[in-house]
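What follows is each chain in one-letter form.
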Amino acid sequence: MSPTTSRPACPSCCCSPASRRVTSAARPDVHGEVSISSAGYATTVTTHGATERCLTAAGRDLIAPFPRGARRPEMRGALLAPWPGRTSGARYTYDGTEHVLPTNEPGRNAALHGFAAWTEFDIVTHEPDRVVMAGEILPGRGYPWRLDLVVDVAVDNAGLTHVITATNVGTGTAPVGLGFHPYLLAGEMRAGAADAWTMSLQAGHVLALTGRALDPGPLAPFEPAAVRDDRGGQSLEGVRLNHAYTTLERDDDGWSRVRLTGDGGAGVELAVDRGYPWIHVYTADEAPAPDRRASVAVEPTTCPPDAFNSGRDLVRLGRGESLSAACRVRALS
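Considering the overall build of the protein
Now for step 1: Looking only at helices and strands, the protein features 1 helix and 28 strands.
Now for step 2: Taken over 333 residues, the protein has a buried fraction of 54%.
Now for step 3: Nonlocal contacts in the protein, meaning residues at least 24 apart in sequence, comprise 68% of its contacts between residues at least 6 apart.
Now for step 4: Split by element, the accessible area of the protein, about 13600 Å² in all, is 49% carbon and sulfur.

Here we look at the sheet that holds strand S5 (residues 60-61)
Now for step 1: Overall, antiparallel pairing links the 4 strands, which are arranged S2-S3-S4-S5 in an open sheet. Edge positions in the sheet fall to strand S2 (33-38) and S5, since each has one partner strand and no second.
Now for step 2: Where strand S3 (residues 41-46) lies against strand S4 (residues 51-57), 6 bridges are found, and the strand directions are antiparallel. Across the sheet, residue Thr46 finds its bridge partner in S4, namely Thr51.

Overview of the pairing of S2
Looking down a regular strand, the side chains alternate between one sheet face and the other.
Now for step 1: In this structure, S2 lies alongside S3, joined through 6 bridges in antiparallel fashion. Residue pairing in the sheet places Ser38 in a bridge with Tyr41 of S3.
Now for step 2: Following S2, the chain reverses through 2 residues before pairing antiparallel with S3; Ala39 in that reversal takes a positive phi of roughly 55 degrees.

Some points on the environment of Asn104
Now for step 1: Within the element layout of this structure, Asn104 appears in the loop between strand S9 (97-100) and strand S10 (110-112).
Now for step 2: Among all residues touching Asn104, those that are not within four sequence positions of it are Ala110, Ala111, Leu112 and Trp118.
Now for step 3: Within polar-contact distance, the side chain of Asn104 engages the backbone nitrogen of Leu112 at 2.7 Å.

Section: the packing of aromatic side chains
Now for step 1: Applying the stated rule across the entire model yields 7 aromatic pairs.
Now for step 2: With a centroid separation of 4.9 Å and 70 degrees between ring planes, the pair formed by Tyr143 and Trp145 is classed as edge-to-face. Take Tyr143 and Trp145: they sit in the same class, and that class is buried.
Now for step 3: Measuring from centroid to centroid gives 4.9 Å for Phe222 and Tyr245, while their planes differ by 70 degrees, and the two rings are edge-to-face. In this pair, Phe222 sits in the loop between strand S20 (215-221) and strand S21 (234-235) while Tyr245 sits in strand S22 (residues 242-248), placing the two residues 23 residues apart along the sequence.
Now for step 4: Members of the aromatic cluster, each reached through a chain of ring pairs, are Trp83, Tyr92, Tyr94, Phe115, Tyr143, Trp145 and Phe308.

Looking at the layout of surface pockets
Now for step 1: By volume, the largest pocket amounts to about 850 Å³.
Now for step 2: As for the largest pocket, its lining consists of 39 residues, of which Pro73, Glu74, Met75, Leu112 and His113 are closest to the centre.
Now for step 3: When its residues are assigned to classes, the lining of the largest pocket shows 15 nonpolar, 14 polar and 10 charged.

So, the environment of Ser295
Now for step 1: Structurally, Ser295 can be placed in the loop between strand S25 (278-282) and strand S26 (296-301).
Now for step 2: Through-space distance from the C-alpha of Ser295 to that of Ala191 is 8.2 Å; in sequence the pair is 104 residues apart.
Now for step 3: Not counting chain neighbours up to four residues away, the residues in contact with Ser295 comprise Ala64, Tyr183, Leu184, Leu185, Met189, Trp197, Thr283 and Ala284.

Criteria and cut-off values
- Residues numbered from 1 in each chain as written.
- Predicted model: local features only at pLDDT ≥ 70, side-chain atom pairs only at ≥ 80, totals over all residues.
- Heavy atoms only, no water.
- Helix = DSSP H or I, 4+ residues; strand = E, 2+ residues; numbered from the N terminus.
- Buried < 20%, exposed > 50% of the residue type's maximum accessible area, 1.4 Å probe, protein only.
- Contact = heavy atoms within 4.5 Å.
- Areas by Shrake-Rupley, 256 points an atom, 1.4 Å probe, with all protein chains shown as cover.
- Pairing = 2+ DSSP bridges.
- Polar contact = N/O pair within 3.5 Å; in protein donor to acceptor, adjacent residues only side chain to side chain.
- Phe/Tyr/Trp six-rings, centres within 6.5 Å; stacked < 30°, edge-to-face > 60°.
- 1 Å grid on protein atoms, 1.4 Å probe; cavity = no way out; pocket = protein on both sides within 12 Å on 5 of 7 lines; lining within 4 Å.
- Points joined across faces, edges and corners; volume = space filled by probe spheres on them.
- Nonpolar A, V, L, I, M, F, W, Y, C, P; charged D, E, K, R; others polar.

In structure tokens:
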């Protein structure tokens, strides 16, 4: 679904609040997580923020994992809603009213990545190869709208499919942006590993974050580096990225792909449907030393950073309307 297109919520499907009945077969383990697997792929999702804690293919990590029961580091695998990226100054004006958000990144005077990552989710469905979780964002804290969130995660021989749906169940028209925050691995996770990897991404425009506050700069044409390596992509050696890409090149089915490859061509691919017109890439240059440039965050988003202020690709959901976006992650060999 396009992020500029909304639909009424279905009152009888798993997206409905009335359907959130957690059965004994669908309860998380003592660590608040559930695992699913199929066709060599396996993933674990936590009820805290519907976070992807790990994803493997034939035992190989495709995203940066973190230990069971541990606090999620660096937003690994987090769900981003009702906005992705930073809201500059932790404030915005919407339909003539100024709203002040909690400043959860005080060093940059910004509100980062919304509320969903800290929301507790219920398990609606848990099958061997699929889990559906539901949560809600309540009015308050600078966001006076109510949203229902549903995250549908499945694995099969094509890899992981991850779908987010947000529905406005409150009053008024709500500004909404969605995102997903996995750190991809094209090889062993170790400090500086990204310098040996190649990235392939086809887009028409790029928005770089600039300055101490990492405010979005101007939207500029994206011209991939002229120097290519023998894997057909751009080497990440010495390249620092905290950039949002848009005008994505898509196949006939509407999917756009980012590939990270390491030595021998092994790696990982993340694909996004038309619900995600943006992909944010961050080379983890500010991560703590053991994890610095040890993985690359490839974040599909429905809007760029600071969209609550710029309005760029920000979706306005009326009561009963929904926004959905899907991505897929698979191994490359």
